[in-house]
2 protein chains.
Amino acid sequence: MAVTHQKHIYIYSPSGAVRDKTAFRRGVARLKKLGHEVEVDSDALTSYQRFAGDDETRLAAIHRAAASGADVALTTRGGYGMTRLLGGIQYKQVAKAIAKGMLFVGISDFTAFSLAMMAKTGSVTWAGPALCEGFGVAAPELPDDIMEDCFNDLLCGQGEGAGWRQNREPAKRPDSTNAMKSVAKSSNLTGANGTFSIKNTTLWGGNLAVLSSLVGTPYMPEVKGGVLFLEDVAEHPYRVERMLTQLLHAGILARQKAIILGQFTDYKLVPHDRGFKLQTVVDWLRTQVKIPVLTNLPYGHVATKVMLPVGARVELAVEGRDALLFWG
Amino acid sequence: MAVTHQKHIYIYSPSGAVRDKTAFRRGVARLKKLGHEVEVDSDALTSYQRFAGDDETRLAAIHRAAASGADVALTTRGGYGMTRLLGGIQYKQVAKAIAKGMLFVGISDFTAFSLAMMAKTGSVTWAGPALCEGFGVAAPELPDDIMEDCFNDLLCGQGEGAGWRQNREPAKRPDSTNAMKSVAKSSNLTGANGTFSIKNTTLWGGNLAVLSSLVGTPYMPEVKGGVLFLEDVAEHPYRVERMLTQLLHAGILARQKAIILGQFTDYKLVPHDRGFKLQTVVDWLRTQVKIPVLTNLPYGHVATKVMLPVGARVELAVEGRDALLFWG
């Protein structure tokens, strides 16, 4: 995979401690092989309890990343630890770095950082891979093609959008039609039969557990008329539903123009569920909101994932099962 | 165990489906043996997916309980399902029944009902046992003495408070002193050396996961100067901390006069934690708030638990490790 522009990538650890140092080294090697200059933060491999250093250490790492002058600040991994830091981040300092063109990229726990940056400064950050899980995969496997292409395209200034095919619907339900009619009224409808586009809207979202844990706090952006994307890992569908219920009751879902569900993975159904499953939650969600609920966005705790600008103005275009987000 | 007054207890299922029908029958038999009249709702054993009937069925059960004229409405169990119903509850109807003296008792998922009743009407409900786990224990075991005494005392109009002994502190930390000084300033201090009382305050709380899932919604009571009690089950300490962080960042903790931690049980630490544990979270919490954080309240997903009036005016008295809540 040829890279036309060498970029300066700063690797840091704002959340969980890196335990798999082999994956870390493989990730760094891979980025170098792609032609990039890789700078590793002095505390990238620090460990304190389950964290990559205590709060002060991880805060300092974020601020060093912002001050590094790198093109990209990429987290080593997610885990847990960012919400603890939200009161100590120098938002203006980070925003300045972003304004100069720096791309902050991460996933999962990083959602807390992305949304807080958006709430406090309106800055755009990127939902994408983390170093270890994204680039540190063990041979003979290679990092996922699509993920790596999206990452490189973004770095080369060529990332202009993300397209995907939604899940086939299990059955047509009456309220889907209502949702489409509602879209037809509320957005720029460009065609009939499930074809619509929503222009000049704000894309936001990330990990559902992290996002819902910001509801009611000053770190939750107030987005009206936006497109909200969500993913999660190891959360039973009933917990996904409870978190969506919080967003629903808080009025957050009704204020959006569309909801895009990414990948919800690695949960375990139990006999007690008796047919209650993720699709049950999706069906239920569609009875609760009048906006389109799209599915199967290639983003989440999976290898194949796109890069998504959190806080950016985007256009969402849908034609049947095919969906396209672009910001080019 | 002698009961001086026979009471009318209405059993209903607003949340998860009852799978253990033997425990259900044992619970009903136990309440009858204690001398009570037990009325079982027509849908108490209904099952739909993981729920005790669909939303309409469970809402109707709540409203039948309120209209039953019973002295006590006791849930069969917790589980999941109450948050889905919050938009459909006839709060005024339930509040009227409570005003006439009816006691709504439950645990866990029931927290959503308790807090919504409090937010919408200011009514007092009771955090206590549920039928199956509380009274349906298998022979030769008997229902927990303390739980049953508290339940009977309440029914006989003799439940006036709950006392307990806090955990021994692992180490004295400087900020504990600050917390005590803060209490001395902000509350009615009745003595020195960790002895204080907070009078005429509002007791509220319940299951942390359910409570935090109401933040930012109209079902979260706005309590100032209250005493907040919390418990949870099967939540890793990092998740407990993330939920507490939401309450902290939302400003909810700072508005209280004390936090009382109940029982946090059935979670599993992992090698990645490296010393991060529940006590770590308690220690951290005490660095984040200036109010006392009490421990070891006998309430939660454990056999030995007291009855707590959610939304009631109470007094909290603390003398060293001994704590007492009373509302008599």
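Since this is a predicted model, take the numbers as computed values, not measurements.

## Considerations on the overall build of chain A
So, step 1. On a plain count of helices and strands, chain A comes out with eleven helices and 13 strands.
So, step 2. For a compact globule of 328 residues, the expected C-alpha radius of gyration is about 20 Å, and chain A comes in at 19 Å, within 12% of that figure.
So, step 3. C-alpha atoms of chain A, sized along the principal axes, occupy 55 × 45 × 45 Å.
So, step 4. Counted over contacts in chain A with a minimum sequence separation of 6, partners at least 24 positions apart contribute 79%.
So, step 5. Summed over its atoms, the accessible surface of chain A is roughly 12,900 Å², and 50% of this surface lies on carbon and sulfur atoms.

## Considering the interface of chain B and chain A
So, step 1. Across the boundary between the two partners, chain B contributes 39 residues, which contact 39 residues of chain A.
So, step 2. Both faces combined, the contact of chain B with chain A buries some 3,400 Å², and carbon together with sulfur accounts for 50% of it.
So, step 3. When the buried area of chain B at its contact with chain A is split by residue, B:Arg50, B:Arg242 and B:His272 rank highest and sum to 22% of it.
So, step 4. Where chain B packs against chain A, one counts six salt bridges.
So, step 5. Among the ionic pairs, B:Arg50 bridges to A:Asp273, the shortest N-O distance being 2.3 Å.
So, step 6. For the pair chain B and chain A, the number of links is 21 residue pairs in polar contact (both at pLDDT 80 or more).
So, step 7. The set of elements that each furnish at least two residues to the side of chain B that touches chain A consists of α3 (82–85), α9 (208–212), α10 (237–249) and α11 (278–288) of chain B.

## What to know about the domain arrangement of chain A
Often the size quoted for an interface is simply the accessible area lost on bringing the parts together.
Residue and element names in this part refer to chain A.
So, step 1. Domain annotation for chain A reports domain 1 (8–155) and domain 2 (161–326).
So, step 2. Put simply, the middle of domain 1 and the middle of domain 2, counted by C-alpha atoms, are 25 Å apart.
So, step 3. Contact residues are listed per partner, giving 31 residues for domain 1 and 29 residues for domain 2.
So, step 4. The contact between domain 1 and domain 2 buries some 2,300 Å² in all, and 72% of this surface belongs to carbon and sulfur atoms.
So, step 5. Three residues stand out in domain 1 for area buried against domain 2, namely Leu115, Met118 and Ala127, and they jointly supply 26% of the buried area on that side.

## Looking at helix α4 (residues 91–99) of chain B
Residue and element names in this part refer to chain B.
So, step 1. Taken residue by residue, α4 has Tyr91, Val94, Ala95, Ala97 and Ile98 as its buried positions. The buried residues of α4 occupy an angular sector of 160° when projected down its axis, which confines them to one face. The outward face of α4, more than 90 degrees from its buried face, is lined by the exposed residues Lys92, Lys96 and Ala99.
So, step 2. Close packing links the buried residues of α4 with α2 (55–67), β4 (103–106), α5 (110–121) and β5 (125–127).
So, step 3. Just downstream of α4 lies Gly101, where phi reads positive at about 115°.

## Notes on the relation of the copies chain B and chain A
So, step 1. Superposition record for chain B on chain A: RMSD 0.0 Å, screw rotation 180°, translation along axis 0.0 Å. Considering both components of the superposition, the chain copies are consistent with a two-fold axis. Nearest to the rotation axis, the C-alpha of B:Gly216 is located 2.3 Å from it, this being the minimum over chain B.
So, step 2. Comparing contact sets, 100% of the residues at the interface of chain B also lie at the interface in chain A, consistent with an isologous, same-surface contact.

## Some details on the sheet that holds strand β2 (residues 37–40) of chain A
All names here are of chain A.
So, step 1. The mixed open sheet is built from six strands, whose spatial order is β2-β1-β3-β4-β5-β11. The two strands at the open ends of the sheet, each matched to only one other strand, are β2 and β11 (308–310). Here the strands of the sheet are splayed against their neighbours by 30° on average, with no regard to which way each runs.
So, step 2. With three bridges joining them, strand β3 (residues 72–75) and strand β4 (residues 103–106) adopt parallel strand pairing. Bridge assignment links Val72 to a residue of β4, and that residue is Leu103.
So, step 3. Running at roughly 175° to strand β1 (residues 8–12), helix α2 (residues 55–67) makes contact with β1, β3 and β4 of the sheet.

## A word on the side chain of B:Ser212
So, step 1. Along the chain, B:Ser212 falls in helix α9.
So, step 2. On the basis of relative accessibility, which here comes to 5%, the residue B:Ser212 falls in the buried class.
So, step 3. Leave out the neighbours within four places in its chain, and B:Ser212 touches A:Gln246, B:Met243, B:Gln246 and B:Leu247.

## Some points on the pattern of salt bridges
Residues and elements named next belong to chain A.
So, step 1. Under the definition given, this model contains 22 salt bridges over all chains.
So, step 2. The partner of Arg30 in a salt bridge is Glu148, and the shortest N-O contact between them spans 2.7 Å. Of this pair, Arg30 sits in helix α1 (residues 21–33) while Glu148 sits in helix α7 (residues 145–155), placing them 118 residues apart in sequence. Assigned by exposure class, Arg30 and Glu148 land together as buried.

Basis of the calculations
- Per chain, residues are indexed from 1 in the order of the written sequence.
- Written order determines the labels here, with chains lettered from A and ligands numbered from 1.
- Under the rules for a predicted model, residues below a pLDDT of 70 receive no local features and side-chain atom pairs below 80 are neither given nor counted, while totals for whole chains, interfaces and linings still include all residues.
- Remark: hydrogens and water are excluded; side-chain values derive from all non-hydrogen atoms of the structure.
- Working definition: helices are DSSP H or I runs of at least four residues, strands are E runs of at least two. Numbering for both runs from the N terminus.
- Our radius of gyration is a C-alpha quantity, and the globule rule it is checked against amounts to 2.2 Å times the number of residues to the power 0.38.
- When checking whether two residues touch, look at their non-hydrogen atoms; a contact exists if any pair is within 4.5 Å.
- Exposure was quantified through the Shrake-Rupley algorithm and a 1.4 Å probe, taking into account, for residues, occlusion by the shown protein chains and nothing else.
- Values labelled buried area give the accessible surface lost by two parts on being combined, using a 1.4 Å probe and summing over both.
- Here a salt bridge means any side-chain nitrogen of Lys or Arg lying within 4 Å of a carboxyl oxygen belonging to Asp or Glu.
- Side-chain atoms alone can form a polar contact between residues adjacent in sequence; in general such a contact is a pair of N or O atoms within 3.5 Å, and within protein one must be able to donate a hydrogen while the other accepts it.
- Where a domain begins and ends is set by an automatic assignment or by a domain database.
- To sort residues, take the accessible area from a 1.4 Å probe on protein chains only and compare it with the maximum for the residue type: under 20% means buried, over 50% means exposed, and anything in between is partly exposed.
- As used here, the arc is the angular range of directions from the helix axis to the C-beta atoms.
- Here the copies are superposed with least squares, the fitted atoms being C-alpha atoms of residues at a pLDDT of at least 70 in both.
- At least two bridges found by DSSP between two strands is the condition for calling them paired.
- In this description, a line fitted to the C-alpha atoms serves as the axis of each element, helices being fitted only across the stretch in contact, and the angle between N-to-C directions of two axes falls anywhere from 0 to 180 degrees.

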